[in-house]
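Residue-level structure breakdown
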Amino acid sequence: MQISEKQLAQVNDRIKALLDADSFYGKKLREAGISEVRSTEDFLKLPFSEKNDLREAYPLGLMTAPEDQIVRIHSSSGTTGTPVIIPYTQKDVDDWATMFARCYEVAGITKKDRIHITPGYGLWTAGIGFQLGCEKLGAMAIPMGPGNTDKQLEMMQSLGSTVLCSTSSYALLLTEEIEKRGIKDKIKLKKGVIGSERWSDKMRARIAEGLGIELYDIYGLTEIYGPGIGINCEHNTGMHIWDDFIYLEIIDPKTGEPVPDGEFGEIVITTLVKEGAPLIRYRTHDLSRIIPGTCPCGRHYPRIDVIQGRTDDMMKIKGVNVFPKQIEEVLAQFSEISSEYQIRISHLDGKDTMRIYVETNGHVDFNDLSRRIAEKVKSRIGFTPIVKVVEIGVLPRSMKKTARVIDERYD
Ligand code: ZN
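Residues numbered from 1 in each chain as written. Predicted model: local features only at pLDDT ≥ 70, side-chain atom pairs only at ≥ 80, totals over all residues. Heavy atoms only, no water.

So, the coordination of the zinc ion
- Protein-derived coordination of the zinc ion comes from C233 (SG), H240 (NE2), C295 (SG) and C297 (SG), at a distance range of 2.1 to 2.3 Å.
- Every donor counted, the four donor atoms about the zinc ion form angles of 102 to 117° at the centre, which fits tetrahedral coordination.
- Read N to C, the donor residues that coordinate the zinc ion are spaced as C-x6-H-x54-C-x1-C. Exposure class is identical for C233 and H240. Each is buried. (Donors = N, O, S within 2.8 Å, 3.2 Å for Na, K, Ca; no water. Tetrahedral: all angles 85-135°; square planar, octahedral: opposite > 155°, others 65-115°. Buried < 20%, exposed > 50% of the residue type's maximum accessible area, 1.4 Å probe, protein only.)

Re the domain arrangement of the protein
- When cut into domains, the protein gives domain 1 (89-312) and domain 2 (314-410).
- On a C-alpha basis, the centroid separation for the pair domain 1 and domain 2 is 31 Å.
- Counting across the domain 1 and domain 2 interface gives one salt bridge.
- Put simply, K316 and D252 hold a salt bridge, and the shortest N to O gap is 2.9 Å.
- In this assembly, domain 1 and domain 2 are joined by two residue pairs in polar contact (both at pLDDT 80 or more).
- Of the residues belonging to the side of domain 1 that touches domain 2, the class tally is five nonpolar, three polar and seven charged. (Domains from an automatic or database assignment. Salt bridge = Lys/Arg side-chain N within 4 Å of Asp/Glu carboxyl O. Polar contact = N/O pair within 3.5 Å; in protein donor to acceptor, adjacent residues only side chain to side chain. Nonpolar A, V, L, I, M, F, W, Y, C, P; charged D, E, K, R; others polar.)

Description of the nonpolar core
- In terms of nonpolar packing, the biggest core is built from 71 residues, with Y104 and Y219 touching the most fellow members.
- No other element matches helix α5 (residues 90-106), which puts nine residues into this core.
- Counting 22 residues, the second largest nonpolar core, distinct from the first, contains V322, V330, I337 and M354. (Core = buried A, V, L, I, M, F, W, Y, C linked by side-chain atoms within 4.5 Å. Helix = DSSP H or I, 4+ residues; strand = E, 2+ residues; numbered from the N terminus.)

Notes on the sheet that holds strand β14 (residues 303-304)
- An order of β4-β3-β5-β6-β7-β8-β9-β14-β13 is seen for the nine strands of this open sheet, with the pairing classed as mixed. A single partner strand is all that each edge strand has here, and the edge strands are β4 (140-143) and β13 (290-291).
- Pairing geometry for strand β6 (residues 191-195) and strand β7 (residues 214-221), over five bridges, is parallel. When the bridges of β7 are listed, V193 appears paired with Y216. (Pairing = 2+ DSSP bridges.)

A word on the pairing of strand β2 (residues 84-89)
- With six of six residues buried, β2 lies mostly within the body of the structure.
- Burial of β2 is two-sided: the residues V84, I86 and Y88 facing one way and the residues I85, P87 and T89 facing the other way are all buried.
- Here strand β1 (residues 70-76) runs beside β2; their pairing, made up of six bridges, is antiparallel. Looking at β2, one finds that R72 is bridged to Y88.

Quick notes on the layout of surface pockets
- What the second largest pocket holds in volume is close to 480 Å³.
- If you go around the second largest pocket, you meet 19 residues; those closest to its centre are S200, K202, E328, L331 and A332.
- When residues of the lining of the second largest pocket are traced back to their parent elements, those giving at least two are α9 (201-211), α10 (324-331) and β17 (337-348).
- Here the lining of the second largest pocket gets five residues from one element, more than from any other, and that element is β17.
- Among the residues forming the lining of the second largest pocket, the class breakdown is six nonpolar, five polar and eight charged. (1 Å grid on protein atoms, 1.4 Å probe; cavity = no way out; pocket = protein on both sides within 12 Å on 5 of 7 lines; lining within 4 Å. Points joined across faces, edges and corners; volume = space filled by probe spheres on them.)

Description of α9
- Buried within α9 are the following residues: R204, I207, G210 and L211. One side of α9 carries all its buried residues, which in axial view fall inside an arc of 145°. Away from the buried face of α9 by more than 90 degrees, exposed residues K202 and E209 are located.
- If you follow the buried residues of α9, they end up packed against β5 (163-166), α8 (168-181) and β7.
- Positive backbone phi, at 65°, marks G212, one or two positions downstream of α9. (Arc of directions from axis to C-beta. Contact = heavy atoms within 4.5 Å.)

Quick look at the environment of V405
- Turning to its location among the elements, V405 is positioned in strand β20 (residues 405-407).
- When its relative accessible area of 31% is taken as the criterion, V405 is described as partly exposed.
- Sequence spacing of V405 and R355 is 50 residues, and the spatial spacing of their C-alpha atoms is 10.0 Å.
- Filtering out sequence-adjacent residues up to four positions away, V405 remains in contact with M315, P324, I343 and I345.

A word on the sheet that holds strand β10 (residues 246-251)
- What the three strands build is an open sheet, ordered β10-β11-β12; its pairing is antiparallel. Each end of this open sheet is capped by a strand with a single partner; those strands are β10 and β12 (282-288). Strand after strand, the sheet turns through a mean of 30° between neighbouring axes, direction not considered.
- In the sheet, strand β11 (residues 265-271) pairs with β12 via four bridges, with the strands oriented antiparallel. Looking across to β12, one finds that V268 is bridged to R283. (Axes fitted to C-alpha atoms, helices over the stretch in contact; angles between N-to-C directions.)

As for the pairing of strand β8 (residues 226-232)
- Extensive coverage of β8 is indicated by the burial of seven of its seven residues.
- Pairing of β7 with β8 involves three bridges; the strand directions are antiparallel. Each bridged residue has a counterpart across the sheet, and for Y219 the counterpart in β8 is G230.
- The turn joining β7 and β8, which pair antiparallel and follow one another in sequence, is formed by four residues; a positive phi near 65° is taken by Y225.
- Inspection of the sheet shows β8 paired to strand β9 (residues 239-241) by three bridges, in the antiparallel sense. Looking at the pairing, N232 lines up with M239 of β9.
- Counting the residues between successive antiparallel strands, the hairpin from β8 to β9 contains six residues, one of them, N236, with a positive phi of roughly 55°.

Observations regarding unusual backbone geometry
- Cis rather than trans, the peptide bond between Y58 and P59 has omega equal to 0°.
- Among the secondary structure elements, P59 is positioned in the loop between α4 (51-56) and β1.
- Although it is not a glycine, Y225 sits at a positive phi angle of roughly 65°.
- On the secondary structure map, Y225 appears in the loop between β7 and β8.
- Notably, D349 is not glycine yet its phi reads approximately 50°, a positive angle.
- Mapped onto the elements of the fold, D349 is located in the loop between β17 and β18 (351-360).

Written as structure tokens, this is what we have:
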């Protein structure tokens, strides 16, 4: 996906603002001797920005607009050290609301909907973003926040909530509770807007069928406004991304080089009009790909695939980027095998090999099963793995997160 002339002009405008403010990235650009980009090639020479840089700028080093224009800050959770603080101007807040309202519209949500918001409110961008977009659209917000399932279900019934906004895990919990209590006929939900995270197709189907709703994946991260920078449409062919506000690239996380459209890699985002804390080429560590071609809905906004995991999960085998979710999805199609699996990658006689261990009971033909799995995996990732079928209970289990991928190449 090429950067357009208009987007280049917007990037230049942001570079100028960063330099003028002499904020954290302004200093970086000055040190790198960059004051302008004139072409795609120039753009690709711009240094990446990283979450660690953002932490270094704590507390307000990212602030690029004058302080009297800053109306709010948000912060990403500081579970691994110093939090990141992102300042917003009123225009940033308005732009975010515009993007979020567009997400709701693309999901077919209207002013007549009653939007039940379960993500948390506070320093982070979740609940408040869902609320902003809802108010901008003109629908009725029911600002529940997380937890207290009894109260959630009571309000959902009394108010006749039609849209559920939540994480996939909370949507699953609500699905199970609604079934357990036998109140499905009292629930008016039609759609779910789910904060995009890695979730399996099985889980998606379970929620969609359990609640009888259509599901939409919404994408975003605190460093870049928050949720609402993209969503899938009714054709469910990937998430449309609002390229009038952000420019999105996919790079090879190992080399930093752009990958061709259609190939998986790391999402890198540049904010085109953000004032409070513009970010240039921000590495999200989220894995996805640009979906080539145009969507049957006719919208011109580019599309990305659902998030496939984090770059830390990715393996490069025989020159191909592979990640566990791809293998997991193939294995999920085989009812004969358990949910346990193990991937071992080794390097023998100058060649990478991938072995996949799966478990089954003694009633199936191991050779036939292994051949069928290998074929399916090949059609997904492009090369044939060695599939080893073992008896149920053979693969290691642990209370903690089980190591499913073992890379023996670097031992
Ligand atoms: Zn579409």
